[in-house]
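The primary structure of each chain is shown beneath.
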Amino acid sequence: MVQPIPFSVPSHFFRPSRSHAVVVGGGTMGVDVAVVLCRGGSQTIIVEANAERRAKVPELVGNGLSQLQASAQQDKLTVVGSLQDIDWCKIDLVIECIPERLDIKQVLFTELESLARPDALLASNSSSFPISAIAEGLQTSHRMLGLHFFMPAHLTPLVEVVCGQASDIECAQNLHAFMRQCGMVPVLVKKDLPGFLANRLQHALAREAFALIDAGVASPEDVDAAVRFGFGFRFLAAGPVLQRDHAGLEVHCAAGATMYPSLAANIVPSQCLAQRVAEGKFGMKSGEGFFKWTPETIAQERQRYQNTLLAGLDILKNELPPVGDAVEQ
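Undergrad: I would appreciate a short explanation of the overall build of the protein in the present structure.
TA: Secondary structure assignment for the protein yields eleven helices and eight strands. At 21 Å, the protein has a C-alpha radius of gyration in line with the 20 Å of a compact globule built from 329 residues. For the protein, the spread of C-alpha atoms along the principal axes amounts to about 60 × 45 × 40 Å. Within the protein, the fraction of its 329 residues that count as buried is 41%. Of the roughly 17,900 Å² of accessible surface on the protein, a fraction of 58% belongs to carbon and sulfur atoms.

Undergrad: Can you help me understand the sheet that holds strand β7 (residues 158-163) in this one?
TA: The strands making up a sheet are joined through hydrogen bonds of the backbone, oriented either antiparallel or parallel. Pairing is mixed in the open sheet, where eight strands are placed in the order β3-β2-β1-β4-β5-β6-β7-β8. In the strand order of this sheet, the two ends are held by β3 (77-80) and β8 (185-189), each with one partner. Averaged over all adjacent pairs, the angle separating strand axes in this sheet is 25°, with direction ignored. One ladder, built from five bridges, connects β7 with β8; its direction is parallel. Bridging across to β8, V162 finds its partner in V189. Running over the sheet, helix α1 (residues 28-40) touches β1 (20-24), β2 (43-47), β3, β4 (93-96) and β6 (144-149) and is turned about 170° from β2. Along the sheet face, helix α2 (residues 51-67) touches β2 and β3 and points at about 165° away from the line of β3.

Undergrad: Would you mind going over the environment of D85 with me for this structure?
TA: Among the structural elements, D85 can be located in the loop between β3 and β4. Separated by 127 residues in sequence, D85 and L212 place their C-alpha atoms 52 Å apart. A distance of 3.4 Å separates a polar atom in the side chain of D85 from the backbone nitrogen of G81.

Undergrad: Is there a simple way to think about the layout of surface pockets in this case?
TA: Of the pockets and cavities examined, the second largest pocket occupies roughly 360 Å³. What lines the second largest pocket is a set of 19 residues, among which R39, L68, L313, K317 and L320 lie closest to the centre. Examining the composition of the lining of the second largest pocket, we find that three residues originate from one element, helix α11 (residues 295-316), more than from any other. Of the residues contributing to the lining of the second largest pocket, the split by class is eleven nonpolar, five polar and three charged.

Undergrad: I tried to follow the packing of helix α6 (residues 198-214) against helix α10 (residues 271-278) on my own but got confused; where do I start?
TA: Packed helices, taken two at a time, are described by the angle their axes make and the gap between the axes. The interhelical angle for the contact between α6 and α10, taken along N-to-C directions, is 90°, at an axis separation of 7 Å. In this view, α6 runs roughly perpendicular relative to α10, as classed from their interaxial angle. Along the contact surface, α6 presents F210, I213 and D214, while α10 presents Q271, C272 and L273. Tallied by class, residues from the contact of α6 with α10 come to four nonpolar, one polar and one charged.

Undergrad: Is there a simple way to explain the pattern of salt bridges in this structure?
TA: Taken as a whole, this structure holds eleven salt bridges when the rule is applied. Between E100 and K105 there is a salt bridge; the shortest N-O distance is 2.8 Å. Several salt bridges share partner residues, and in doing so they unite D92, R117 and D119 into one network.

Undergrad: Explanation requested: the nonpolar core in the structure shown.
TA: Note that soluble globular proteins tend to have their nonpolar side chains buried in a common cluster. Grouped together as the largest cluster of nonpolar side chains are 39 residues, with contacts concentrated most on V33, V61, L147, F149 and M179. Contributions of two or more residues to this core are made by β1, α1, α2, β4, β5 (121-124), β6, β7 and α5 (169-181). Discounting chain neighbours no more than four positions away, the residues touching M179 are V36, L147, F149, V159, M184 and P186.

Undergrad: Hey, could you run me through the side chain of D192 in this one?
TA: For D192, the location among the structural elements is in the loop between β8 and α6. For the buried D192, no salt bridge is present, and the opposite-charge side chain at shortest range is R200, 9.5 Å distant. Only 2.9 Å separates the side chain of D192 from the backbone nitrogen of I131, close enough to count as a polar contact. Only 2.8 Å separates the side chain of D192 from the backbone nitrogen of S132, close enough to count as a polar contact. Apart from residues no more than four positions distant in its own chain, D192 is found in contact with P130, I131, S132, V162, C163 and G164.

Conventions we followed
Residues numbered from 1 in each chain as written. Predicted model: local features only at pLDDT ≥ 70, side-chain atom pairs only at ≥ 80, totals over all residues. Heavy atoms only, no water. Helix = DSSP H or I, 4+ residues; strand = E, 2+ residues; numbered from the N terminus. Rg over C-alpha atoms; globule rule 2.2 N^0.38 Å. Buried < 20%, exposed > 50% of the residue type's maximum accessible area, 1.4 Å probe, protein only. Areas by Shrake-Rupley, 256 points an atom, 1.4 Å probe, with all protein chains shown as cover. Pairing = 2+ DSSP bridges. Axes fitted to C-alpha atoms, helices over the stretch in contact; angles between N-to-C directions. Contact = heavy atoms within 4.5 Å. Polar contact = N/O pair within 3.5 Å; in protein donor to acceptor, adjacent residues only side chain to side chain. 1 Å grid on protein atoms, 1.4 Å probe; cavity = no way out; pocket = protein on both sides within 12 Å on 5 of 7 lines; lining within 4 Å. Points joined across faces, edges and corners; volume = space filled by probe spheres on them. Nonpolar A, V, L, I, M, F, W, Y, C, P; charged D, E, K, R; others polar. Parallel < 35°, antiparallel > 145°, perpendicular 65-115°, else oblique. Salt bridge = Lys/Arg side-chain N within 4 Å of Asp/Glu carboxyl O. Core = buried A, V, L, I, M, F, W, Y, C linked by side-chain atoms within 4.5 Å. Lys, Arg positive; Asp, Glu negative; His and termini not counted.

As structure tokens, this is what we get:
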């Protein structure tokens, strides 16, 4: 039987249903993060300066809540145009979801530090910059954390709570507990490494996958099939560590001794990946990556992908944290 993820209630735990949160940035990620917060019961404010994008936010959040069968929580949402439109004395948590530029993130958090209450938590959804670098120069960097979601954030249960060099562990534990109450599965990343936890694992797999394509061992289609319908299929039931206990550690250790010397160890992206990027073949956004895309096939694939994620959530529903104020020990 799968053991539950260890969890205890911190001494100064703040609950979503009694909290006010701000999401800075009303793009795809910011909207999905707001869906997570609203579903958890938090009064949520999205800050989006672009008027056209701001006008679309309520409908997009409503669509996300509908997918999660939580439409009633849409009344938790407010959308504003600037940080100055917020009553900061009420805010318990701020999550930054702006473009991946270190300089503008640092400027934003300097401003947030002056606006937010001293006990409010400040978090960045950055996937590429060390949390310590974003927090550089802050007077209260102990309350600055990473909160890294995975797209689509409202359908992918995992969220990483990342400690920077100066982050206070109790702040991290509070944010970890808060996200569980929002129905997410948070993992605590105690060291501020490039890629944090999940992306390091993901890139280790991708490096080997692209190296196999470079070497002519298999096609992109067969690489995907090997993961999705082979060991990746089992990941819904058990991660790589628990899976080894199922199979036998001595079997894995022996296989590793045979395979590790020949695994990819390149320190730059594989040729098949770098060449496509150099040619402007970025995937769906450019109409071609490893596969060719049209608006019709993009829509079909995104619907298939979303439906599969929803089905996966249904499979895992009994293992996901409950949403709301149920206190877990």
